[in-house]
Amino acid sequence: MNLALLFDDDFISDNKVRLYGRRHQQILAIHKSVIGDTVKVGKLNENIGIGVISALNENFVELDIDIELNQLPPAPLPMRLITALARPPMMRRIFSAAAEFGIKDIVVINTNRVEKSFWQSPSLAEEKINELLYLGLEQAKDTIMPTVTFYKRFRPFVEDDLPALLTNTKALIAHPQSETSCPRGLSEHITLAVGPEGGFIPFEVEQFLAAGFEAIDMGPRIYKVENAISILTAKLLV
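Keep in mind that this is a model prediction, so the values were computed, not measured. (Residues numbered from 1 in each chain as written. Predicted model: local features only at pLDDT ≥ 70, side-chain atom pairs only at ≥ 80, totals over all residues. Heavy atoms only, no water.)

### Things to note about the pairing of strand β11 (residues 190-194)
We count it as follows: Exposure categories follow from relative accessible area, calculated using a 1.4 Å probe and restricted to protein chains: below 20% of the type maximum is buried, above 50% is exposed, and the middle band is partly exposed. For the purposes of this entry, the term helix denotes a DSSP run of H or I that reaches at least four residues, the term strand denotes a run of E that reaches at least two, and both are numbered from the N terminus. Between any two strands, pairing holds if DSSP finds at least two bridges.
In terms of burial, β11 is largely enclosed, as five of its five residues are buried. Judged by which residues are buried, β11 turns out to be covered on both faces: Ile 190, Leu 192 and Val 194 on one side and Thr 191 and Ala 193 on the other are all buried. As judged from the five bridges shared by strand β7 (residues 79-84) and β11, these two strands associate in the parallel manner. Directly across from Thr 83, in β11, lies its bridge partner Val 194. By the bridge criterion, four bridges tie strand β10 (residues 170-174) to β11 in an arrangement that is parallel. Directly across from Leu 172, in β11, lies its bridge partner Leu 192.

Have a look at this one:
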């Protein structure tokens, strides 16, 4: 935890917070902090600053917000991620990594190769997803919460919702059969579509191309979805 993310209900006064649970244990057991130590803090969707430990025991830690929260969080990554719903363990890693990368718009869709049972996973509950996003934000010293949107029907998404998402963005779809190599170091906003394990079926690729996407290839290797997202993000924007 490189930053302790703060929420409204953490504040017990205007300049003091009390933390329990995971954040408390990180400060107590992992960082082995003591009273008087400083902790990097940031309020959700607001700025970053410093907290000073004023009380610490087995139950909670209290921080005095000694310096005004006046540091801006890092700039968001100029990317929207469209990803097919993956297996729950992989999807959890994707959520956390996307928040860590600075992706602020995550769109999760259904495709032909997505197992129906995935949509019933308890890990898709809002509070579970938020916990993963918080972890990614804390790792990256960020405070701005990503939005996550789900579309359970592919064709209505492509026909009704996708066109509005493509305004002022370069739309790219990862597709192994493409003759176009993945571009590097783009400066414009990108909407990136990544398929499930096994990839998009031809009909789905055709639908994306008809909507204005350009297919790009990552080379001869086939990657897990989470790794493909990481590699594509690095190539496209770094």
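Still more ground to cover, so stick around.
### Section: the pattern of salt bridges
Rule in force here: The working definition used for a salt bridge is a side-chain nitrogen of Lys or Arg within 4 Å of a carboxyl oxygen of Asp or Glu.
Applying the stated criterion to the full structure yields twelve salt bridges. Notably, a salt bridge pairs Lys 43 with Glu 46, separated by 3.9 Å at the nearest N-O pair. A residue is classified by how much of its surface remains accessible, and Lys 43, at 17% relative accessible area, is buried. Its relative accessible area of 41% is what places Glu 46 among the partly exposed residues. Between Arg 93 and Glu 226 there is a salt bridge, with the nearest N and O atoms lying 2.6 Å from each other. Highlighted residues: Arg 93 in helix α2 (residues 88-101) and Glu 226 in helix α6 (residues 225-237), separated in sequence by 133 residues. According to the relative accessible area criterion, Arg 93 is partly exposed, its value standing at 42%. When its relative accessible area of 15% is taken as the criterion, Glu 226 is described as buried. Look at the salt bridges and you will find they share partners, linking Asp 8, Lys 43 and Glu 46 into a network.

### Here's the deal with helix α4 (residues 154-165)
Note the threshold: Taking the helix axis as origin, the arc is that swept by the directions to the C-beta atoms.
Listing the buried residues of α4 in full gives Phe 154, Phe 157, Val 158, Leu 162 and Leu 165. Projected onto a plane normal to the axis of α4, the buried residues spread over an arc of 90 degrees and lie on a single side. Facing away from the buried side of α4 by more than 90 degrees, the exposed set consists of Asp 160 and Ala 164.

### Things to note about the side chain of Lys 43
The condition that has to hold: Here, residues are in contact when the closest pair of their heavy atoms is within 4.5 Å.
Checked against the element boundaries, Lys 43 lands in strand β4 (residues 38-43). In contact with Lys 43, other than residues within four places in its own chain, are Leu 6, Asp 8, Phe 11, Leu 69 and Thr 143.

### What to know about the pairing of β4
Sheet analysis places strand β1 (residues 4-6) next to β4, joined by three bridges and oriented parallel. Across the sheet, residue Leu 5 finds its bridge partner in β4, namely Gly 42. Where β4 meets strand β5 (residues 48-56), five bridges bridge the pair, whose relative direction is antiparallel. Looking at β5, one finds that Gly 42 is bridged to Ile 48. Count of turn residues in the β4/β5 antiparallel hairpin: four residues, of which Asn 45 carries a positive phi of about 65 degrees.

### Observations concerning the packing of aromatic side chains
Note the following rule: The rule is short: rings of Phe, Tyr and Trp, with Trp giving its six-membered ring, pair when the centres are within 6.5 Å, and they are stacked under 30 degrees, edge-to-face over 60, tilted in between. Charge-over-ring contacts are defined here by two conditions on Lys NZ or Arg CZ: a distance within 6 Å of the ring centre and an angle within 35 degrees of the ring normal.
Throughout the structure, instances matching the rule amount to seven aromatic pairs. Consider the rings of Tyr 151 and Phe 157, whose centres lie 4.7 Å apart with planes at 45 degrees: the pair is tilted. Its relative accessible area of 0% is what places Phe 157 among the buried residues. Among the aromatic side chains, those forming a connected cluster through ring pairs are Phe 154, Phe 200, Phe 208 and Phe 213. Geometry around Phe 60 places Arg 18 over its ring, the cationic atom sitting 4.5 Å from the centre. Between Lys 43 and the ring centre of Phe 11, over which it is positioned, the NZ or CZ distance is 5.2 Å.

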